[in-house]
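Coordinate analysis (summary)
Listed below, chain by chain, are the residues.
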Amino acid sequence: MKHAMRESRCVFEEGRHEHGVGIKCGPIRRFSIREGANIPLKGIDSYMFPSKQKSIKSMFSAECAKKVGKAISKFSLFNGIPFNAADSGPYYQSMIDTIAEAGPGIKGPTGYQIGNAYLEEEVQELEVCMNTLKAKWPVYGCTIMCDGWSSRTRKPIINFMVYCDRSMIYLSSIDTTNIPKTADYIFSLMDKIIEEVGEENIVQVVIDNEASFKAAGMLLMEKRKHLFWSPCAAHCIDLMLEDIGNMKHIKENLNQAKMITSFIYNSSKVVNLMKVFTKDIDLLRLGITRFATEFISLQSLIRYEGDLKMMCTTNEWREFNKDRSRKSLRDKVSNLILTDRFWKKAKEVQIIMEPLVKVLKLVDQDKKPTLSIIYEAMDRAKLAIKASVKHWERYWEVIDIRWANQLHRHLHAAVKIGLKEVIKRLEPDLDRQAKAMNE
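Scoring rules and cut-offs
- Residues numbered from 1 in each chain as written.
- Predicted model: local features only at pLDDT ≥ 70, side-chain atom pairs only at ≥ 80, totals over all residues.
- Heavy atoms only, no water.
- Helix = DSSP H or I, 4+ residues; strand = E, 2+ residues; numbered from the N terminus.
- Buried < 20%, exposed > 50% of the residue type's maximum accessible area, 1.4 Å probe, protein only.
- Contact = heavy atoms within 4.5 Å.
- Areas by Shrake-Rupley, 256 points an atom, 1.4 Å probe, with all protein chains shown as cover.
- Polar contact = N/O pair within 3.5 Å; in protein donor to acceptor, adjacent residues only side chain to side chain.
- Pairing = 2+ DSSP bridges.
- Axes fitted to C-alpha atoms, helices over the stretch in contact; angles between N-to-C directions.
- Salt bridge = Lys/Arg side-chain N within 4 Å of Asp/Glu carboxyl O.
- 1 Å grid on protein atoms, 1.4 Å probe; cavity = no way out; pocket = protein on both sides within 12 Å on 5 of 7 lines; lining within 4 Å.
- Points joined across faces, edges and corners; volume = space filled by probe spheres on them.
- Patch = residues over 30% accessible without salt bridge, like charges linked within 9 Å, V, L, I, M, F, W, Y side chains within 5 Å.
- Parallel < 35°, antiparallel > 145°, perpendicular 65-115°, else oblique.
- Left-handed = near helix turned anticlockwise from the far one by under 90°.
- Core = buried A, V, L, I, M, F, W, Y, C linked by side-chain atoms within 4.5 Å.
- Phe/Tyr/Trp six-rings, centres within 6.5 Å; stacked < 30°, edge-to-face > 60°.
- Lys NZ or Arg CZ within 6 Å of the ring centre and 35° of its normal.

With respect to the overall build of the protein chain
A count of helices and strands for the protein chain gives 21 helices and seven strands. Going through the 439 residues of the protein chain one by one, you find that 36% of them count as buried. Taking all contacts inside the protein chain whose residues are at least 6 apart in sequence as the whole, residues at least 24 apart take part in 59%. Surface exposure of the protein chain reaches about 27900 Å², of which carbon and sulfur atoms provide 55%.

What follows is the structure, given as structure tokens:
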């Protein structure tokens, strides 16, 4: 393999291939075959210099699809392109279709062309797209979304985005390093963004549920009489899950589940043993939030209850955990897994939390707007808890407190009970208010 790669990389030397083909590898390097080089047929990577002769039949065959896959894989591996780049957007398949449409022998762009001419064209297309979306703001109204997060270097950043007519565009970012996130500071940031977008184009501003953000939202509504501040629905539902997860009997069960998964994943040998019984499926999977992740992990444990019980009775389980540092904890974990009481409680916790996790997934997805169905979704979640849980009142109380203090807004309830209040705030003209209410 190394010999073939060396012979296929007659790198960075001037000259031409015996068929007159030169391949550039970036804006400054020339990647070509020395003139008159005697290369054996099997000594060169055929995917680096593909044949131009293709039959129409082979273009649609499974063998052809495999060749395309191998060619793309080789390009990705050679250039260190992440594997998930093939799953990260609509342009991957579009690129393949365009190349197939152009036909064999088409010469790809150089790195210089991609970084200059094509980049400029992309910027111009993006500006046209942005202007088209901005033209919709006065027609449909828009939502300003404020999202705080941390970069890979732990830098606190606040992003501002604009959502309108099922499309979202990035507006700006603020680096808040060493800046206290007080209500006045958050309010000043949002006020500038509203001036930039235009107050007359904005229906609502969506921000986090932290105390300073909530206070800033109230200040904003006080100054801007015709727009709404709305809390982040996903954050609010996550806080409901957090409150329920902090109840003593539920917290105890979640901690026991964490002890099981932590013990298993702290040893590569035990992880491999576990995957033998779960058919190579992981117990740990990331969720939308921390508490959603805990629920998903608990759900995975319940799904593989029988497999985990079988694992704990094997000689490999005892052998892999015989060290003094793991032996005592091994016995505790084994007792938990083999005890029906743990599984009974785990299933009760699953029944309580699952309806809320479903609502969290619903409001956090990007496929369709969920503002109009948030009330119905929460009603269904509460009814599901009531139908399945013995002491359902205590969980309803937690949900209702968070709902009343944070998530309930006239704008959310416009379809049910808050339509008049929404119209009064959005439309200052009394005649138009009356007309809208009568429609």
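Brief notes about the side chain of Asp-191
Locating Asp-191 in the fold gives a position in helix H8 (residues 183–197). Of the residues examined, Asp-191 reaches a relative accessible area of 12% and is grouped as buried. Side-chain polar atoms of Asp-191 contact the side chain of Lys-223, separated by 2.7 Å. What Asp-191 contacts, discounting residues up to four positions off in sequence, is Leu-220, Lys-223 and Arg-224.

A look at the sheet that holds strand S7 (residues 228–231)
Read across the open sheet, the five strands follow the order S5-S4-S3-S6-S7; overall the sheet is mixed. In this open sheet, the two strands that pair with only one neighbour each are strand S5 (167–175) and S7. Across the sheet, the axes of successive neighbouring strands diverge by a mean angle of 25°, strand direction being ignored. Helix-sheet contacts for helix H9 (residues 211–223) involve strand S3 (142–150), strand S4 (156–164), strand S6 (202–207) and S7, and the interaxial angle to S7 is about 165°.

Some remarks on the environment of Ile-250
Inspection of the secondary structure puts Ile-250 in helix H11 (residues 248–265). Put simply, Ile-250 and Glu-348 are 98 residues apart on the chain and 8.9 Å apart in space, counted from C-alpha to C-alpha. Not counting chain neighbours up to four residues away, the residues in contact with Ile-250 comprise Ile-244, Gly-245, Val-349, Ile-352 and Tyr-395.

Focus on the pattern of salt bridges
According to the stated counting rule, one finds 17 salt bridges in the structure shown. Between Asp-191 and Arg-224 there is a salt bridge, with the nearest N and O atoms lying 2.7 Å from each other. Here Asp-191, found in helix H8, pairs with Arg-224, found in the loop between H9 and S7; they are 33 residues apart in sequence, far enough to count as distant. Neither residue differs from the other here; Asp-191 and Arg-224 are each classed as buried. Between Lys-275 and Asp-282 there is a salt bridge, with the nearest N and O atoms lying 3.7 Å from each other.

Describing empty space enclosed by the protein
On inspection of all chains with the given rule, the structure shows one cavity of 30 Å³ or more. Put simply, the largest cavity is a space of about 30 Å³. Forming the walls of the largest cavity are Leu-133, Trp-137, Val-162, Cys-164, Ser-167, Met-168 and Ile-169. Of all the secondary structure elements, the ones that give two or more residues to the lining of the largest cavity are S4 and S5. Element by element, the count of residues in the lining of the largest cavity is highest for S5, at three residues.

Some remarks on a nonpolar patch on the surface
A cluster of nonpolar side chains, contributed by Met-95, Ile-99 and Ile-106, occupies part of the molecular surface with about 300 Å² of accessible area. Tracing the chain through its elements places Met-95 in helix H4 (residues 91–102). On the basis of relative accessible area, Met-95 is assigned to the partly exposed category, the value being 44%.

Quick word on the packing of H8 against H9
Orientation of H8 relative to H9, taken along the N-to-C sense of each, is 50°, at an axis distance of 8 Å. Looking at the two axes, H8 sits oblique to H9. You can see that H8 and H9 cross each other, and the crossing is right-handed. The segment H8 lies against H9, with Ala-183, Asp-184, Ile-186, Phe-187, Met-190, Asp-191 and Ile-194 engaging Ser-212, Phe-213, Ala-215, Ala-216, Gly-217, Leu-219, Leu-220 and Lys-223.

A closer look at the nonpolar core
Core analysis: the biggest nonpolar cluster contains 59 residues, and Ile-264, Leu-308 and Met-378 have the highest contact counts within it. In terms of residue count, the dominant contributor to this core is helix H17 (residues 340–364) (eleven residues). Aside from chain neighbours lying at most four places away, what touches Leu-308 is Ile-264, Met-274, Leu-283, Leu-301, Ile-337 and Trp-343.

Some points on the packing of aromatic side chains
Across all of its chains, the model carries three aromatic pairs by this definition. Ring geometry for Phe-342 against Trp-343: centres 5.0 Å apart, planes inclined by 70°, an arrangement best described as edge-to-face. Like Phe-342, the residue Trp-343 is buried in the burial classification. Seen from their ring centres, Trp-392 and Trp-396 are 4.8 Å apart, and the 65° between their planes marks the pair as edge-to-face. Each member of the pair Trp-392 and Trp-396 is classed as buried. Over the ring of Phe-263 we find Arg-326; its NZ or CZ atom is 4.0 Å from the centre of that ring. In this arrangement the basic side chain of Lys-382 is found over the ring face of Trp-396, its NZ or CZ atom lying 4.5 Å from the centre.

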